[in-house]
Amino acid sequence: MELIDIVEIIIKLVVGLSILNVWLVNRNKLTPWRGGNANSMQEEFAAYGLSKNMMIIVGTLKCLFAVLLLISIIFSVTEYTGAIGIAVLMAGAIIMHLKINDPIKKSLPAGIFLILSLITLYI
């Protein structure tokens, strides 16, 4: 296994596990990255003007794409779908932060995951 393969695995683990952590473990916890003055995921989506149903759809998609990215460590056939899905949703997250005039700092995790997801497509 080459160094680039190890780097790719690390990226997939970081992105996949981080997204699952946010959506399955910390969705009802205050973090410095939440949009507006939200204390939970539901409050954050409300700050963006999005419904609870939209939160469920986005969360389901993010978890699905995160799992696909993790599965791609062993079965590369899921890599493209997982990485592109995460990249698109992270671009959407950045747009939502910009929409409500959040400080750039709040878009940092989404920006990092967007970049890392795109990197997995090119290495």
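Anyway, here's the lowdown on the structure attached to this text. None of these values were measured; they are calculated from a predicted model.

Another aspect to go through is helix 1 (residues 3-25). If you check helix 1, its first and last C-alpha atoms are 31 Å apart, about what 23 residues at 1.5 Å a residue would give, namely 33 Å. Taken together, the buried positions of helix 1 are Glu8, Ile11, Lys12, Val15, Gly16, Ile19, Leu20 and Trp23. At its buried positions, helix 1 is contacted by helix 2 (41-47), helix 3 (52-71), helix 4 (79-99) and helix 5 (108-122).

Now for the packing of helix 1 against helix 3. Axis separation between helix 1 and helix 3 bottoms out at 9 Å; the angle between their running directions is 150°. Overall, the two elements helix 1 and helix 3 adopt an arrangement that is roughly antiparallel. Here helix 1 and helix 3 pass one another in a crossing that is left-handed. Of the residues in helix 3, those in contact with Lys12, Leu13, Val15, Gly16, Leu17, Ile19, Leu20, Trp23 and Leu24 of helix 1 are Met55, Val58, Gly59, Lys62, Cys63, Ala66, Val67, Leu69 and Leu70. Class assignment of the residues belonging to the contact of helix 1 with helix 3 gives a composition of 14 nonpolar, two polar and two charged.

Quantified by volume, the largest pocket comes out at close to 540 Å³. Taken together, 27 residues form the lining of the largest pocket, with Trp23, Glu44, Lys62, Ala93 and His97 sitting closest to its centre. Every element with two or more residues in the lining of the largest pocket is listed here: helix 1, helix 2, helix 3, helix 4 and helix 5. Looking at which element gives the most residues to the lining of the largest pocket, the answer is helix 4, with seven residues. For the lining of the largest pocket, a count of residues per class yields 18 nonpolar, five polar and four charged.

Taken as a whole and judged by the stated rule, the model has three salt bridges. Of the charged contacts in the structure, one is a salt bridge between Lys12 and Glu8, with a shortest N-O distance of 3.5 Å. Here the residue Lys12 and the residue Glu8 both occupy positions in helix 1, the gap between them amounting to four residues, near one helical turn. On the basis of relative accessibility, which here comes to 3%, the residue Lys12 falls in the buried class. Given a relative accessible area of 11%, Glu8 falls into the buried group. The closest approach of N and O atoms between Glu44 and Arg34, which form a salt bridge, is 3.0 Å. Residue Glu44 is found in helix 2, and its partner Arg34 is found in the loop between helix 1 and helix 2; the two are separated by 10 residues along the sequence. Given the relative accessible area of 3%, Arg34 is considered buried. Ionic contacts of the salt-bridge type, sharing partners, join the residues Glu8, Lys12 and Glu79 into one network.

Rules behind the numbers
Residues numbered from 1 in each chain as written. Predicted model: local features only at pLDDT ≥ 70, side-chain atom pairs only at ≥ 80, totals over all residues. Heavy atoms only, no water. Helix = DSSP H or I, 4+ residues; strand = E, 2+ residues; numbered from the N terminus. Expected span 1.5 Å × (residues − 1). Buried < 20%, exposed > 50% of the residue type's maximum accessible area, 1.4 Å probe, protein only. Contact = heavy atoms within 4.5 Å. Axes fitted to C-alpha atoms, helices over the stretch in contact; angles between N-to-C directions. Parallel < 35°, antiparallel > 145°, perpendicular 65-115°, else oblique. Left-handed = near helix turned anticlockwise from the far one by under 90°. Nonpolar A, V, L, I, M, F, W, Y, C, P; charged D, E, K, R; others polar. 1 Å grid on protein atoms, 1.4 Å probe; cavity = no way out; pocket = protein on both sides within 12 Å on 5 of 7 lines; lining within 4 Å. Points joined across faces, edges and corners; volume = space filled by probe spheres on them. Salt bridge = Lys/Arg side-chain N within 4 Å of Asp/Glu carboxyl O.

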